[in-house]
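Single-letter residue listing:
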Amino acid sequence: MTTADNIEITYCEKHPDRETGLRCNRCGKLICSSCAIKTPTGYRCEDCVRGQQKKFDTAEWYDYPLGIGTALILSAIGGVFVDLLGFFFLFIFILAPIVGGIIAEVVRRVIGRRRSKLLFRLITLAVLVGAFIPHTGLILIFFLGGGFQALIGLLWPLLYAAIATSTVYYRLAGIRLRL
Ligand SMILES: [Zn+2]
Ligand SMILES: [Zn+2]
């Protein structure tokens, strides 16, 4: 469309009734003032801003079953291992972070070092669940009214789960936690 002055009137691509001359500085799409998002490098359209955020999430769909499965199995094995050596008092404070570190390292390799906040959270949850897999018997006894003795038996796995879970999460998320 042209005016008498031969100046082209352009409209927002999302809102055809709104006149605008503003373009996204990345893709060139016409955007109105309510569609434009101010970024440090200038005005951009929603799609470009969202696309940029997506780059932080590089995980593939298969990273989910692989990463979660690996974390679950390794955490269960680690739980048995820590349990066997657990009779050395305080030894768990050295062992659990090491086991957590190994789990995080193996999982990172399995998922090809790809990143996703949701994936990291699910993997952390898998570590937590895995830690209790060797103790399902005790948990059953506890919930069936076995009470105090079962609870004492669960203290160790609880401690292991807490340390391993936080170690794995902070390793994956890229923050080092000193324990
Ligand atoms: Zn754009
Ligand atoms: Zn618009």
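The present account deals with the structure reproduced in this document. What you see is a predicted model; the values in this text were computed from it and never measured.

**Some remarks on the coordination of the zinc ion (ligand 1)**
Around the zinc ion (ligand 1), the protein supplies Cys24 (SG), Cys27 (SG), Cys45 (SG) and Cys48 (SG) as donor atoms, at distances of 2.3 Å. Around the zinc ion (ligand 1), the four donor atoms sit at angles spanning 104 to 117 degrees, and that spread fits a shape best called tetrahedral. As a motif over one chain, the donors of the zinc ion (ligand 1) read C-x2-C-x17-C-x2-C. Placement of Cys24 in the segment before strand 1 (37-39) and of Cys45 in the loop between strand 2 (42-44) and helix 1 (46-54) is noted, with a sequence separation of 21 residues between them. Residue classification places Cys24 among the buried positions, given a relative accessible area of 3%. Residue classification places Cys45 among the buried residues on the basis of a relative accessible area of 2%.

**Examining the coordination of the zinc ion (ligand 2)**
Octahedral metals with six donors have ideal donor angles of 90 or 180 degrees. Tetrahedral metals with four donors have an ideal donor angle of 109.5 degrees. The coordination sphere of the zinc ion (ligand 2), as far as protein atoms go, consists of Cys12 (SG), His15 (ND1), Cys32 (SG) and Cys35 (SG), spread over 2.0 to 2.3 Å. Taken together, the four donor atoms coordinating the zinc ion (ligand 2) and their angles of 103 to 114 degrees define a geometry best described as tetrahedral. All donors to the zinc ion (ligand 2) come from one chain, and their sequence spacing reads C-x2-H-x16-C-x2-C. On the criterion of sequence distance, the pair formed by Cys12 in the segment before strand 1 and Cys32 in the segment before strand 1 is long-range, its members being 20 residues apart. Taking the relative accessible area as the measure of exposure, Cys32 reaches 3% and is therefore buried.

**A closer look at the pattern of salt bridges**
Taken as a whole and judged by the stated rule, the model has eight salt bridges. Here Glu46 makes a salt bridge to Arg50, at a shortest N to O gap of 3.3 Å. Of this pair, Glu46 and Arg50 are both found in helix 1, four residues apart, which corresponds to roughly one turn of the helix. Accessibility expressed as a relative area gives 28% for Glu46, which makes it partly exposed. Arg108 serves as the salt-bridge partner of Glu105, at 4.0 Å between the closest nitrogen and oxygen. Of the two residues, Glu105 and Arg108 both sit in helix 3 (residues 92-110), three residues apart, roughly one turn of that helix.

**What to know about helix 4 (residues 117-132)**
For helix 4, which comprises 16 residues, the first-to-last C-alpha distance of 24 Å matches the rise-based estimate of 22 Å (1.5 Å per residue) to within 8%. Within the sequence span of helix 4, burial applies to Leu119, Phe120, Ile123, Thr124, Ala126, Val127, Gly130, Ala131 and Phe132. The backbone nitrogen of Leu118 lies 3.4 Å from a side-chain oxygen of the residue at the head of helix 4, namely Ser116.

**Regarding the nonpolar core**
One finds Ala71, Val82, Ile103, Ile123, Val127, Tyr160 and Val168 to be the most contacted residues of the largest nonpolar core, which totals 25 residues. Of all elements in the fold, only helix 2 (63-85), helix 3, helix 4 and helix 6 (148-172) reach the threshold of two or more residues within this core. Counting residues in each nonpolar core, the second largest holds eight residues, with Ile31, Cys35, Ala36 and Cys45 among its members.

**Structural notes on the packing of helix 2 against helix 6**
Two elements in contact, helix 2 and helix 6, have axes whose closest approach is 10 Å; the angle formed by their N-to-C orientations is 130 degrees. With respect to each other, helix 2 and helix 6 are oriented oblique. Pair helix 2 / helix 6 crosses with right-handed handedness. Where helix 2 approaches helix 6, its residues Leu74, Ser75, Gly78, Gly79, Val82 and Asp83 are matched on the opposing element by Trp156, Pro157 and Tyr160. Tallied by class, residues from the contact of helix 2 with helix 6 come to five nonpolar, three polar and one charged.

Criteria and cut-off values
Residues numbered from 1 in each chain as written. Chains lettered and ligands numbered in written order. Predicted model: local features only at pLDDT ≥ 70, side-chain atom pairs only at ≥ 80, totals over all residues. Heavy atoms only, no water. Donors = N, O, S within 2.8 Å, 3.2 Å for Na, K, Ca; no water. Tetrahedral: all angles 85-135°; square planar, octahedral: opposite > 155°, others 65-115°. Helix = DSSP H or I, 4+ residues; strand = E, 2+ residues; numbered from the N terminus. Buried < 20%, exposed > 50% of the residue type's maximum accessible area, 1.4 Å probe, protein only. Salt bridge = Lys/Arg side-chain N within 4 Å of Asp/Glu carboxyl O. Expected span 1.5 Å × (residues − 1). Polar contact = N/O pair within 3.5 Å; in protein donor to acceptor, adjacent residues only side chain to side chain. Core = buried A, V, L, I, M, F, W, Y, C linked by side-chain atoms within 4.5 Å. Axes fitted to C-alpha atoms, helices over the stretch in contact; angles between N-to-C directions. Parallel < 35°, antiparallel > 145°, perpendicular 65-115°, else oblique. Left-handed = near helix turned anticlockwise from the far one by under 90°. Contact = heavy atoms within 4.5 Å. Nonpolar A, V, L, I, M, F, W, Y, C, P; charged D, E, K, R; others polar.

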